[in-house]
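# Chains, contacts and geometry: an overview
Read off the chains here:
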Amino acid sequence: MTRTVPVGLGDRAYEVVIGRGLLDTAGARIAPFLKNGRAAIVSDETVWALHGPRLTAALEAAGIACPAVIVPPGEQTKSFAGLADLSDRLLALELDRGDLIVAFGGGVVGDLAGFAAAIYKRGVDFVQIPTTLLAQVDSSVGGKTAIDTPRGKNLIGAFHQPRLVLADLDVLATLPAREMRAGYAEVIKYGLLGDFAFFEWLEAHAGQVLSREPEALAHAVARSVEMKAEIVIEDEKEAGRRALLNLGHTFGHALEAETGYGEALLHGEAVAAGSALAFRFSASQGLCEAQDARRAEAAIAAAGLPTRMSEVTAKPFDARTLVRHMGQDKKAEGGRLTFILARALGDAFVAKNVDAAAVTAFLQTEGAL
Ligand code: NAD
Ligand code: GLY
């Protein structure tokens, strides 16, 4: 069964289509958005080797010319150098403003190709075909596109909404289990931040989702996308409520910064540990019940995800260094720390003006030096 979630953003409205076998129908679904019958596919080497032939065949069968630009996999591709290379290769294809870019991959490809689409010849349309669980439930929806710089992640970017998102659950069959778990961290985030009933459903169905049981997976992706769409419609440019989607990210980014944004700690794993830390910090400040923090932690741990800094590194982090990373986080305004904290499971809120000394002391109780 195919599920469609509308993202009602006026003249930038689009649909997120979730289901099985969608790659094979991509030609007919993308054709209405083409002016010249041409779409350039951007993908990474891994995704392209596994699923490229199916997508190409589907687009060609619909009469769509689809040259491909294949980039190396990995976060380092989301850089100025990666953007320059991709832009140059799109220019070499003589892609013009009536053509479309198809971002076919995980969050790295989606963020990079989306940003390239935002600035290529002052902006071309693009379609997201996300191939990781993280990209299907989060990064492909909502129009945030960006690259990293040596000063931090996602610091240069643009809001550029896709024209369509096709989340084909079948492509997740080839996703390594660790990447599946990392994406699940973003799924559980939705339950934790705003839907207690979904959180309870995930407590009961984590195993089915992670083993890619079709009905459970479809429900987890669709409910996550519904929640993201609802928040993005209300607050597209993150003036307020959209910041809730950053639950676990302020702690998580600090851990990622210390571990080098790579294989040592995947983004989703950092979000998992960060969410557990955010709940425990909330409990330590008397904002939520300790039993809620314990239950959040248990649900994250049950998915095989880290909840403690000691699971991320054998050598303790330095609490002040972590807090310094948080201060540089782009959500920090005027040196004050902003966190997404919790009143209860399914009830997160934006906390501005959080005292850095309280965070430092909390991290020390958690084992940081
Ligand atoms: P990723 O794109 O690096 O993909 C992870 C790995 O899985 C890569 O090696 C990739 O080649 C491989 N892969 C992808 N699909 C596969 C498949 N179907 N089968 C086998 N292997 C596959 O990482 P990600 O976790 O998808 O995305 C992380 C990025 O997303 C980060 O850069 C993060 O900043 C960004 N992000 C953006 C937003 C947003 O709103 N724009 C939200 C969350 C995360
Ligand atoms: N992943 C956070 C957001 O899209 O706002």
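All of these numbers come straight from a predicted model, not from anything done at the bench.

### Some remarks on the nonpolar core
Of all hydrophobic cores here, the largest spans 84 residues; its most connected members are L133, Y184, F251, V359 and L363. Broken down by element, the residue count for this core peaks at 11 residues, all from helix α8 (residues 214–234). Dropping the residues within four chain positions of it, F251 is found in contact with G274, L277, A278, F281, M326, F339, V359, F362 and L363.

### Considerations on the packing of aromatic side chains
The final tally for this structure, using the stated rule, is seven aromatic pairs. Ring plane angle 15 degrees and centroid distance 6.2 Å describe the contact between F198 and W201, whose orientation is recorded as stacked. Of the two residues, F198 and W201 are both situated in helix α7 (residues 196–210); the distance of three residues between them amounts to about one turn of the helix. On the basis of relative accessibility, which here comes to 3%, the residue F198 falls in the buried class. Between the aromatic rings of F281 and F339, the centroid separation amounts to 6.0 Å while the plane-to-plane angle is 40 degrees, which identifies the pairing as tilted. Of the two residues, F281 is situated in helix α10 (residues 267–284) and F339 in strand β10 (residues 337–344); the sequence distance between them amounts to 58 residues.

### Focus on the pattern of salt bridges
Under the counting rule described, the total for this entry stands at 32 salt bridges. Of the charged contacts in the structure, one is a salt bridge between D168 and R54, with a shortest N-O distance of 3.6 Å. With D168 in strand β9 (residues 164–168) and R54 in helix α2 (residues 45–61), the pair connects residues that are 114 residues apart, well separated along the chain. Given a relative accessible area of 1%, D168 falls into the buried group.

### Side note on the packing of α10 against helix α14 (residues 356–365)
Running from N to C, α10 and α14 point in directions that differ by 110 degrees, and their axes come no closer than 11 Å. On the basis of their axis angle, the class for α10 and α14 is roughly perpendicular. Two packed elements cross with a definite hand, and for α10 against α14 that hand is right-handed. Residue-level inspection shows L277, R280, F281 and S284 of α10 in contact with α14, the latter providing A358, V359 and F362. Taken together, the residues of the contact of α10 with α14 sort by class into five nonpolar, one polar and one charged.

What counts and how
Residues numbered from 1 in each chain as written. Chains lettered and ligands numbered in written order. Predicted model: local features only at pLDDT ≥ 70, side-chain atom pairs only at ≥ 80, totals over all residues. Heavy atoms only, no water. Core = buried A, V, L, I, M, F, W, Y, C linked by side-chain atoms within 4.5 Å. Buried < 20%, exposed > 50% of the residue type's maximum accessible area, 1.4 Å probe, protein only. Helix = DSSP H or I, 4+ residues; strand = E, 2+ residues; numbered from the N terminus. Contact = heavy atoms within 4.5 Å. Phe/Tyr/Trp six-rings, centres within 6.5 Å; stacked < 30°, edge-to-face > 60°. Salt bridge = Lys/Arg side-chain N within 4 Å of Asp/Glu carboxyl O. Axes fitted to C-alpha atoms, helices over the stretch in contact; angles between N-to-C directions. Parallel < 35°, antiparallel > 145°, perpendicular 65-115°, else oblique. Left-handed = near helix turned anticlockwise from the far one by under 90°. Nonpolar A, V, L, I, M, F, W, Y, C, P; charged D, E, K, R; others polar.

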